[in-house]
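# A look at the structure
Listed below, chain by chain, are the residues.
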Amino acid sequence: MKGPCRTKAPYLATVPFLMVRHELRLLASLWLWAARRTHGAAGGSVFGYSRGQGAMMFGFGFVCVIESVMMSVLLRDWPTVHHVVLVLDVYTIVFVVGLHAASVVRPHVLDPGGGTLRIRRAVHVDVRIPLERIASVRRELRTTQERVEGELDLAVGAQTSVTVRLAEPVAHVTFFGRRREVRVVRCHADDPGGLVRAVERAREGHAVP
């Protein structure tokens, strides 16, 4: 019994830290969004991917606002419950806006000088791919993704539009700290053609416009 307990204890202790870090990153993303600043893009070319989810996130946020108003009316005779539910509703709205803000301020980054392509999705995924490990990069629209070992699909709006195949695997660390080796990374970009051309030019040693 002692062995499993010792194994689970560090993991259980890490989960609250990861959750708090996640919330703090969302709040930081809101500040960056308001300040019109971008995270981690110094010296590189940025390629956004948030337009593919903008309408969906706006719709979700609107539904949350309507739900908050309705619950306020229904619970007006129970002030304690009303206050608790109101706090939860406001937190949910901030969470939704924070997710979209994180997608806006944390774009994909191509850094030819550093020799890396940084593929991201909000605050959840940040994979650095050395350019010399890229075997091919192409524009490929996929609307269905099946979980396959060694492949990482970062769909936005239920689709990916760029496929990067690697000659050597790179490490991807999941939200809860699990390490995976991936050889194929699929992501979405607002301008997939521009991202593909820029990566190809960077691999050839040309400057990225």
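This report concerns the structure included in the present document. As the structure is a computational prediction, the values presented were derived from the model and not from experiment. (Residues numbered from 1 in each chain as written. Predicted model: local features only at pLDDT ≥ 70, side-chain atom pairs only at ≥ 80, totals over all residues. Heavy atoms only, no water.)

## A few points about the overall build of the chain
Per the secondary structure count, the chain includes four helices and eight strands. Counted from the first residue to the last, the chain has its helices and strands arranged as α-β-α-α-β-β-β-β-β-β-β-α. Considering only C-alpha atoms, the chain reaches an extent of 70 × 50 × 35 Å along its principal axes. The contacts in the chain between residues at least 6 apart in sequence include a share of 66% that link residues at least 24 apart. Just so you have it, the chain exposes about 12,400 Å², and 62% of that area is on carbon and sulfur atoms. (Helix = DSSP H or I, 4+ residues; strand = E, 2+ residues; numbered from the N terminus. Contact = heavy atoms within 4.5 Å. Areas by Shrake-Rupley, 256 points an atom, 1.4 Å probe, with all protein chains shown as cover.)

## With respect to the sheet that holds strand 5 (residues 134-142)
With mixed pairing, four strands are arranged side by side in an open sheet as 5-7-8-6. Since the sheet does not close on itself, it has two edges, and those belong to strand 5 and strand 6 (151-154), each with one partner. In this sheet, neighbouring strand axes are inclined to one another by 35° on average, regardless of whether the strands run parallel or antiparallel. The pairing of strand 6 with strand 8 (residues 179-187) spans four bridges and is classified as parallel. The residue bridging glutamate 151 from the neighbouring strand is valine 184, located in strand 8. Contacting strand 5 and strand 7 (160-173), helix 4 (residues 192-203) runs over the sheet at an angle of about 175° to strand 5. (Pairing = 2+ DSSP bridges. Axes fitted to C-alpha atoms, helices over the stretch in contact; angles between N-to-C directions.)

## Topic: the pattern of salt bridges
Under the definition given, this model contains six salt bridges. Between glutamate 140 and arginine 142 there is a salt bridge, with the nearest N and O atoms lying 3.9 Å from each other. Judged by relative accessible area, glutamate 140 falls into the buried class, the value being 16%. Here arginine 142 falls in the partly exposed class, since its relative accessible area comes to 24%. Where arginine 179 meets glutamate 181, a salt bridge forms, and the shortest distance between an N and an O atom there is 3.6 Å. Salt bridges linked by common partners bring Arg138, Glu140 and Arg142 together as one network. (Salt bridge = Lys/Arg side-chain N within 4 Å of Asp/Glu carboxyl O. Buried < 20%, exposed > 50% of the residue type's maximum accessible area, 1.4 Å probe, protein only.)

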